[in-house]
Amino acid sequence: MQSSTKQPSRLWTLLGTIITQFALGSVYTWSLFNAPLASKLDTPVSQVAFSFGILSLSLAVASSLSGKLQERFGVRKVTISAGIMLGLSLIITSYAPNLIVLYVVAGFLVGFADGTGYLMTLSNCVKFFPERKGVASACAIGAYGLGSLGFKYINMYFLTHSGVEMTFSVWGIIAMCCVVVGGMMMRDAPIHQEASQTEAQTKMAAPISEDFTLAEAFRTPQFWILSLIFLTVCMSGLYVIGVAKDIGENFVHLNSAAAATSVAIIAVCNLSGRLVLGVLSDKIARIRVISIALVICLVGVVCLRLVALEQSSFYLAIACIAFSFGGTITVYPSLVSDFFGLNNLTKNYGFIYLGFGIGSFFGSVIAAFFGGFTATFSVMLALVVISIVFSLTVKLPNKTQPLQPVMC
């Protein structure tokens, strides 16, 4: 941003993005609702929890489409529309009479609204701060993590005092207002002219790649390696976040209060990972930050799969996984721009972001059909080990060389 006249626009956009992300992050409190909804619908908790897998998949699909919506309508209109859709969907969820309606409204519609706002506003904000992409991501996505902590207390209060129907209504109204107000503060980012390689290396922890279109990125092995790593972290993080309270009660055999504490631990560690690794990503190569995040995730998954869990080891496990997940989500937009350029970030990262929903969805499927928590933890462990190896060996693509089709 060379011109000082653009400074107010990018600061207002950053603030609007933070407000919007805070509200969108509230979906991470979903595990609080599994038991109340199961009781209301007279349905097993596992079937209710599957709605979070649908939500995550829908969120990822919407994120991959949000770039097209922004190009046609602009970031402000799309964000405001997403906020209205999110609020109304949460309010309607309070009246869901059966699982099918719950899956459609709380799963598909809430996820689609959340995803439409999430990646588009994040990418737009990062484009305003090319010289501080890691810090901008940390601020915006940190707010997303903070939203899960703030709404944890809001939703717990109303669940305790007013019941599940009122809680969804209050949640929907607050979230809608935040996203609409945040959207009104945003502006579309200008087209960014890439710095020279020498200048980029003096400013950034990692060099910036030339701009790759989505089709060009598809033909590089690096694109699919980054996609696999992202899917791995999302599968681990989202599955644990979605059923944390249930793991505590049914797998570790904690009482309800101790199990509910896991939601707060996840929120704090999720936020900490976003802030710590986001800032670190402007200091060292971002792919090395991802390697650090994966090693931390490995510690958590090993605890879940190979350690005889009790309260402290359970808390340690979910803390590590949440920290890794939050940090990875924060660093990845900037990492993708390092590999494939900044101007096509929304489209390139939007496709990779499908791993967000696919990972969460398959985590739930594995648990439902192949033996519950243990089977899912085993798959998570194998994927994390593979991803660590890839993160330590992957190199930036070179557009000057002919792009080769990826061989499977």
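Fair warning: this is a prediction, and the values are worked out from it, not measured in the lab.

Draft legend 1. Molecular detail of helix H13 (residues 311-340). Compared with an ideal rise of 1.5 Å per residue, which puts 30 residues at 44 Å, H13 spans 43 Å between its outermost C-alpha atoms and is within 8% of the ideal. The sharpest bend along H13 measures roughly 40° and falls at Tyr-332, with the proline Pro-333 sitting one to four residues further on. With 27 of 30 residues buried, H13 lies mostly within the body of the structure. With its phi angle positive at about 90°, Gly-341 sits one or two positions after the end of H13.

Draft legend 2. Seen up close, the state of the cysteines. Within the structure shown, the criterion is met by zero disulfides. In this structure Cys-139 is not part of a disulfide, and its nearest cysteine sulfur, from Cys-125, lies 7.9 Å away.

Draft legend 3. Quick look at the environment of Val-385. With respect to the helices and strands, the residue Val-385 is situated in helix H16 (residues 373-393). Val-385 sits 309 residues away from Arg-76 along the chain, and the two C-alpha atoms are 41 Å apart.

Draft legend 4. Molecular detail of the side chain of Ser-324. Turning to its location among the elements, Ser-324 is positioned in helix H13. In contact with Ser-324, other than residues within four places in its own chain, are Val-233, Ala-293, Leu-294 and Cys-297.

Draft legend 5. Quick look at a nonpolar patch on the surface. A cluster of nonpolar side chains, contributed by Ile-84, Leu-88 and Ile-92, occupies part of the molecular surface with about 250 Å² of accessible area. Considering the arrangement of structural elements, one finds Ile-92 in helix H4 (residues 75-93).

Draft legend 6. Region of interest: the packing of helix H10 (residues 221-250) against helix H12 (residues 286-306). Close contact between H10 and H12 brings their axes to 11 Å; oriented N to C, the two are set at 40°. As judged from the angle between their axes, H10 and H12 are oblique. As for the relative orientation of H10 and H12, their crossing is left-handed in sense. Contacts between H10 and H12 pair Leu-226, Ile-229, Val-233, Ser-236 and Val-240 from the former with Ile-287, Ile-290, Leu-294, Cys-297, Val-301 and Leu-304 from the latter. Its residues assigned to classes, the contact of H10 with H12 comprises 10 nonpolar, one polar and no charged.

Draft legend 7. Quick peek at the confidence of the model for the protein chain. Per-chain confidence: the protein chain averages 84 in pLDDT, with 91% of residues scoring 70 or above. Contacts for the low-pLDDT stretch residues 194-208, under 50 throughout, to residues beyond four places or in other chains number 29 contacts.

Draft legend 8. Quick look at the nonpolar core. Tyr-332, Tyr-353 and Phe-356 are the most contacted members of the largest nonpolar core, which totals 109 residues. Apart from the residues lying within four places of it in its own chain, the contact partners of Tyr-332 are Leu-226, Ile-229, Phe-230, Ile-290, Tyr-349 and Ile-352. The next biggest cluster of nonpolar side chains, apart from the first, holds six residues, and it includes Leu-14, Cys-125, Ala-136 and Ala-189.

Draft legend 9. Molecular detail of the pattern of salt bridges. Tallied over the entire structure, the rule returns four salt bridges. Across the pair Lys-347 and Glu-71 runs a salt bridge, and its minimum N-O distance is 3.2 Å. Separated by 276 residues along the polypeptide, Lys-347 in helix H14 (residues 345-352) and Glu-71 in helix H3 (residues 45-73) bring together distant segments of the chain. On the accessibility criterion, Glu-71 (54% relative accessible area) is exposed.

Draft legend 10. Quick look at H4. The end-to-end C-alpha distance of H4 is 27 Å, a good match for the 27 Å that 19 residues give at a rise of 1.5 Å each. Taken residue by residue, H4 has Val-75, Val-78, Thr-79, Ala-82, Gly-83, Leu-86, Gly-87, Ser-89, Leu-90 and Thr-93 as its buried positions. One face of H4 carries all of its buried residues, which in axial projection span an arc of 165°.

Parameters at a glance
- Here the residue numbers are simple positions, counted from 1 along each chain's written sequence.
- The predicted origin of the model limits local features to residues at a pLDDT of at least 70 and limits the giving and counting of side-chain atom pairs to 80 or more, whereas totals for whole chains, interfaces and linings rest on all residues.
- Side-chain metrics in this entry use all non-hydrogen atoms of the structure; hydrogen atoms and water are not considered.
- Comment: elements are numbered from the N terminus, with helices defined as DSSP H or I runs of at least four residues and strands as E runs of at least two.
- Residue count minus one, scaled by 1.5 Å, sets the expected span of a helix.
- By definition, a residue's bend is the angle between the axes fitted to the seven residues ending there and the seven starting there.
- Relative accessible area decides the class of each residue, using a 1.4 Å probe on protein chains only: under 20% of the type maximum gives buried, over 50% gives exposed, and in between gives partly exposed.
- Throughout, a disulfide means two cysteine sulfur atoms within 2.5 Å of one another.
- Note on definitions: a residue-residue contact is assigned when non-hydrogen atoms from the two residues lie within 4.5 Å.
- Only residues whose relative accessible area exceeds 30% and that take part in no salt bridge are eligible for patches, with like-charged residues grouped when within 9 Å of each other and nonpolar side chains (Val, Leu, Ile, Met, Phe, Trp, Tyr) grouped when within 5 Å.
- Calculation of accessible area relied on Shrake-Rupley with a 1.4 Å probe; when residues are assessed, cover is drawn exclusively from the protein chains displayed.
- The term salt bridge refers to a side-chain nitrogen of Lys or Arg lying within 4 Å of a carboxyl oxygen of Asp or Glu.
- For helices, the axis comes from a line fit to the C-alpha atoms of the stretch in contact; other axes are also lines fit to C-alpha atoms, and the angle between any two N-to-C directions lies between 0 and 180 degrees.
- Orientation is classified from the angle alone, with under 35 degrees giving roughly parallel, over 145 giving roughly antiparallel, 65 to 115 giving roughly perpendicular, and any other angle giving oblique.
- Two helices crossing with the near one rotated counterclockwise from the far one by less than a right angle form a left-handed crossing, whereas a clockwise rotation gives a right-handed crossing.
- In this count, Pro and Cys sit with the nonpolar residues alongside Ala, Val, Leu, Ile, Met, Phe, Trp and Tyr, while Asp, Glu, Lys and Arg are called charged and the others, Gly among them, polar.
- Scored from 0 to 100, pLDDT records how confident the predictor is in each individual residue.
- Buried residues of nine kinds, namely Ala, Val, Leu, Ile, Met, Phe, Trp, Tyr and Cys, make up a nonpolar core once their side-chain atoms join them within 4.5 Å.
- In this context, the arc is that of the directions from the helix axis out to the C-beta atoms.

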